[in-house]
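# An overview of the molecular structure
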Amino acid sequence: MDVAVNKLVKVNINGKDYELLEGMYLTEAVKPIGIEIPQFCAHRWLEPLGACRMCLVRVEKMPKLQIACALPVREGLVVTTESDEIRRAREEMLEFHLLNHPLECPVCDRGGECPLQDLTERYGKYQSRYIEEKLIRADTKLNPFLRMNYKRCILCKRCVRYCDEIAGDHLIEFEDRGGWTKVTTFLGTESPNRFSGNIIELCPVGAITSIPFRFRGRAWELEKTRTVCNQCSVGCNLELHTRLGSLQRIVPAVNEVLDDGHICDRGRFAYGWVHSDARIRKPSLKDNGGFTEISWSEAESIVAQKIRDTVRDYGGDAIGIIAGNSLTNEDYYALRLFAEHGVGTKNVSFSEDICGLSAEHAQLVNVMLSKVGCVEDIMNSELIVLIGADVLEEAPVLGLRVEEAVRKRGATLASISSYNHDSERYANTLVRIKPGAFIFGESAFSSEEFSKLRYEFENRRRISLIFGQELLCGPSPIKSIKAVYQLAQRIERIRQERQNPLERLTVTPIFRGANSLGALILSLKLGVPNQFESMTNILKKATTGEVKLLYLVGVNPIIEYPNGRLAKEAFSKAEFIVAQDLFLTESSALADIILPVSPWIFRDGTYFNFEGRLQRANSCPLTDVVPSDLELFNRLLISMGKGSQFVLPDELFAKLAREADFIPVKQLADIPKAGILTHFESEAHSFEGIEAISTAEEVCSSNSEPLKEFPFYLVPKHYLFRNSVKVRHTKWMQEVVPKDWAILNYEDAQELGISEGDEVVVESKVGSLYFSAKMSEQVPRKVVIIDRNIQDKAINSLVSKEDVAFSVRIKKA
Amino acid sequence: MAEKLKEVKVTTALCEIPVAHRIDVYEAHGGYLALKKAIKEMKPDEVIEEVKRSGLRGKGGAGFPAGLKWSFVPKDYVGPKYLACNADEGEPGTFKDRYLIEKNPHQVIEGCIIASYAVGISHCYIYTRGEFYLGKERMEEAIEDAYRKGYLGENILGSGYSLDMVVHTGAGSYECGEETALLTSLEGDRGHPKMKPPFPATHGAWGKPTVINNVETLATVPPIIKEGADWHTSLGTDKSPGIKIVSVSGHVERPGNYEVEYGVPTSSIINDLAGGVWKGRKLKCFIPGGSSTPALPAEKVDIPYDYESLASAGSMLGSGALIVFDETTDIVRVAEIITRFYALESCGKCTPCREGTRWMLQIYERILNGAGRMEDLDLLLDICGGVEFKSFCPFGDATVGIVRSTINLFRDEYEDYIKNHKVYEREFIPVRHGVNGRSG
């Protein structure tokens, strides 16, 4: 819109003068001044449509009533929003809307939070004059999460427009015409959609309702807790709705600077596991191959005894502690205290995302933190470059915001990846590299492939680089990360040389965990770096017997650690394994004792999301029989005779805040709703510690040919609907999890005589697994893409060394 | 007795020659001379000025001055501009555009080229209604011939001006005759109308400046250029200059297209040209401008046939479809048929039109099934009030004309149905409302 931003103009509404923002649509503009103009079809996310005609107002000098939802505020506008004529028009429109709408509010899930119900209450007539037969159609499913009730639909088209304009995946379309129009899925397919759940709230009636939540409670009976999502690094703000002792549903709580009210379907629907019977609720001890439930005091004393014995016999460093990436900062802090004071070990790893990261990389972590860009930075960029990042899968809501930046703010999107993925839909520059060859130095930069990007790098004022799972799960992740910062450094240097300096350059890593950044901050930034070891080294030390006792905190290395064989060997060599976990996972099943912990919805505390935004999580008001991680650490400290050190997250946060000068608040309660965007810039301005990529390394990376007898590169993929252990125990998620696909190029499949759905065997030097073949044009020749999280088919068992490209061969089974 | 009304054949002059759709025949009758004149002797602005001066009004229904419409297109716009020739003629009672594109396609093409030249357009679409098979074929053939003769394509007649033209067929929707719905359909989407403003003249097809003119309007352009604006203004009335094809249908002896000057008495169109009400019966009422315009009673039959007179009588000239009803007509059934058409053709985008038309149809069905109530008549009028001027596009306004006018004129016939529980025995199944989808 070519209207000056934030310009106030004089308008007259209902005879009173106001100053409103020019160019804003009237329905939105009048909200702050206490005037309501009813609407069904308009929404701040969507382009105005003008279909529901609820917002008709009288504009001076116009012969007909005008729709306020598409009426931009301009100087001298004279509007009447309340008059007999408009009241009558609203009554008429509501009568039309309700013609076919069944009066089943008592059994409708939307009742109590339904715009149609509310506006009818406010503006409608209580008696309809419609005595004809209503249209009846059977309900259908739009996808596994969404039930479509045609009778209730008022055809406002919000859902269709959301899928078109925002989610971009055209899940829904109109069919037929006139009063017989209906919302339908394309060709009747049930397509899963990353953001489909958002149309539940978008629907102004109860036409689209959540299948998992169906008939689980009335809106006003639900107790609501604002918290932060734990499923990926975005940290969307959520509301947990609970009733009768269980979590009933999850809905977005708008954080305008972060998620703007969008959440992904995983964040919204993957919660059924919380009340799953499969969750471990009692400590269990390995006993003749099986597990026997034991009491808490027994369990605590066994673990305390084991730790004490190990420390006595072999020293503190014989205990290896590996923590996952989704604990709260307070949990990490407690674990640090537990490791330092209770155990006295240096073999502690918090960095599940970059398994090789240890004390020597503290400076790299500093550089990473200082360069992180926030959502606003990314959205204001002129150029956004995805480097091995399928953001829509890895950090869906960030992906959505990136697309919003491209569509609405004119950003240019580029992508560097070995295969084509959905997040590149709006990209205009694609750089295709060999799988895993992310170590691009000087020669890559001057190559033909990079030529288009180079122009962008040399001319755009605000640049965001985003790197993600393809890079992090590929070979040599640390070198690849350094290469990205090298690239950033090179861009800065070139711009300085040409006296065309950048306004802003950010590099944002997309890790897997909800608090991956917190884990890095708590260990390698705030902690004493050399008290931390890499996960790889801890596992290696376990195989050599240096580490005797493995202590796992919410982590599943058997599946998630890139080299599954090393993880398995470490597990078999370790004398004793303690697993703190929610479920009996592939890893905890191998433990000697399992200590259950509470799910994230019961956690108070803080998380750092991918932007470094400190957000506060709140526990929902339910009781759970198991302790949180930090409670458990404290209990163990007590059992070990070290005394109670901490009880509440608040205390730990206060301690943490005292240590960290970049946290401006000192109390947990002082963290505002939108969170606090922390700035690390003051500490590291330069790329100090990022040594140049040698040509040899680069050549080695880009030239690494797969072994002759194993001609395919295996690219591990991190899907949004990956079948993680939590998703596995949420029954309605099962329909959308990716199957055990090995995704191939059509031509490769043809050469190998493989057709869609065939069982294929994927073999590496060290093992083989069976998958079903799937073809895709997105995959280049000689590449096979496989989900990292297939139950019983963990591809990390095919890997022998995590620092080389994974080469495999494929055969029809 | 006054002299009998005569037709003034301007666009339909060649239509009676069986092979007038051939380019050589068209050329032999002076075809493409106007184009030559425009392109060789006149500047684009002069063409617009000439058409403005001629007072040519759009003949698709709204009667908006064509020259003025052209002048709204930004002259210095960088990038493509489009012309869409609206051949999506769907108004019940109207069959003039079909007649023109089937019988005299080259005159339409010539008009399109002149209009495009005047506005600086390089791409022209002929948007034909989905059901116009012959018309589409004829247009395609004619366009091919015009390309061969150098009237279309690169460097037309050596002038340096280039224009491409293609036929785009709709999928069969009345709504796509509305200009913005035509554009969304052209773009490949559902034929739903778009928000105005911005108007198509600045933000039309694919967001580019677009002129949308009716077939008949464009076919009138070559004669205006050839004969001059003064010739055009000498015909018709002051405010409605020129000629209009009137499609006469219904209870007349000789239904058909008759091209007359604006302002002639409606009665002489019916009596002198169409042979009068059939079977010697008396006139009951007539719809002057197509199903979307209110019916007028028999006593108003002498009204001059022009925009202003019809508007002051409470109806509209619309697309010039004169539908005549004799004294035996069951007017409630007429209203039901037309309402059914609108209920089925409503695009479904906005609530009042979508719901209002279906509701009215249901009430009509009930009345015709003998279950009407006296309050239904006021209810129908009330629904009309909710639909008219509150819908997204003029479709909503179009639906209420027949309902309101027939209730006002023939309330006694409605009351006869209601009081006596009269049942109209239909030959086909009515629309059913209580099932999945639509049938019948």
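Scroll up a little and you will see the structure.
Here the residue numbering is sequential within each chain, running from 1 through the sequence in written order. To read the labels, note that chains go from A and ligands from 1, taken in the order they are written. The predicted origin of the model limits local features to residues at a pLDDT of at least 70 and limits the giving and counting of side-chain atom pairs to 80 or more, whereas totals for whole chains, interfaces and linings rest on all residues. Each side-chain value is derived from all of the structure's non-hydrogen atoms; neither hydrogens nor water enter the calculation.

## Structural notes on empty space enclosed by the protein
Residue and element names in this part refer to chain A.
- Put plainly, a pocket is an open set of points on a 1 Å grid over the protein atoms alone with protein on both sides within 12 Å along at least five of seven lines, a cavity is a set where a 1.4 Å probe fits but cannot get out, and a lining residue has an atom within 4 Å of a point. Grid points are joined across faces, edges and corners, and a volume is the space filled by probe spheres set on the points. Under the counting rule described, the total for this entry stands at 13 cavities of 30 Å³ or more.
- Space inside the largest cavity adds up to approximately 670 Å³.
- Along its surface, the largest cavity is lined by 34 residues, and Asn325, Ser326, Gly554, Val725 and Lys726 are the ones closest to its centre.
- Only α19 (557-560), β24 (576-581) and α24 (725-728) provide two or more residues apiece to the lining of the largest cavity.
- Here the element with the most residues in the lining of the largest cavity is α24; it accounts for three residues.
- Residue composition of the lining of the largest cavity, grouped by class: nine nonpolar, 14 polar and eleven charged. Under the DSSP-based scheme used, a helix requires at least four consecutive residues in state H or I and a strand at least two consecutive residues in state E, with every element numbered from the N terminus. Each residue is assigned to one of three groups, with Ala, Val, Leu, Ile, Met, Phe, Trp, Tyr, Cys and Pro labelled nonpolar, Asp, Glu, Lys and Arg labelled charged, and all others, Gly among them, labelled polar.

## Brief notes about the packing of aromatic side chains
- Any two of the Phe, Tyr and Trp rings considered here, Trp counted by its six-membered ring, make a pair once their centres fall within 6.5 Å; the pair's planes then place it as stacked at under 30 degrees, edge-to-face at over 60, or tilted in between. Overall, the coordinates contain 29 aromatic pairs over all chains when judged by the stated rule.
- The interplanar angle of 70 degrees and the centroid separation of 5.6 Å between the aromatic rings of Tyr130 of chain A and Trp359 of chain B together place this pair among those described as edge-to-face. Here the residue Tyr130 of chain A occupies a position in the loop between α3 (115-123) and β6 (140-143), and Trp359 of chain B occupies one in helix α14 (residues 351-368), the pair thus bridging two chains. For the residue pair Tyr130 of chain A and Trp359 of chain B, the accessibility class agrees, reading buried in each case.
- A connected cluster of aromatic rings, assembled from ring pairs, spans Tyr174, Phe341, Tyr342 and Phe395 of chain B. For every residue, the accessible area (1.4 Å probe, protein chains only) is compared with the maximum for its type, and the residue is labelled buried under 20%, exposed over 50%, or partly exposed between those bounds.

## Some thoughts on the environment of Phe341 of chain B
Residue and element names in this part refer to chain B.
- Turning to its location among the elements, Phe341 is positioned in helix α13 (residues 331-345).
- Classification of Phe341 by relative accessible area gives partly exposed; the value is 21%.
- C-alpha separation for the pair Phe341 and Val73, spaced 268 residues apart in sequence, amounts to 35 Å.
- Here a residue-residue contact requires only that any non-hydrogen atoms of the pair lie within 4.5 Å. Sequence-distant contacts of Phe341, defined by excluding residues within four places in its chain, comprise Gly90, Pro92 and Tyr174.

## Thoughts on the sheet that holds strand β13 (residues 246-252) of chain A
Residues and elements named next belong to chain A.
- For two strands to count as paired, DSSP must find a minimum of two bridges between them. Taking strand neighbours across the sheet as the criterion, the three strands line up as β11-β12-β13 in an open arrangement whose pairing is antiparallel. A strand with exactly one partner marks an edge of an open sheet, and here the two such strands are β11 (223-228) and β13. Strand-to-strand, the axes of this sheet are offset by a mean angle of 30 degrees, without reference to chain direction. Angular values range over 0 to 180 degrees, each being the angle between N-to-C directions of two axes fitted as lines to C-alpha atoms, with helices fitted over their stretch in contact.

## Considering the pattern of salt bridges
Residues and elements named next belong to chain A.
- A side-chain nitrogen of Lys or Arg and a carboxyl oxygen of Asp or Glu constitute a salt bridge if their distance falls within 4 Å. All told, the structure shown has 93 salt bridges over all chains when counted by the stated rule.
- Lys7 is the partner of Glu22 in a salt bridge, and the nearest nitrogen-oxygen pair spans 3.6 Å. Of this pair, Glu22 sits in the loop between β2 (16-21) and α1 (26-29) while Lys7 sits in the segment before β1 (8-13); the two residues are 15 residues apart in sequence, bridging distant segments of the chain.
- Judged by its relative accessible area of 23%, Glu22 is partly exposed.

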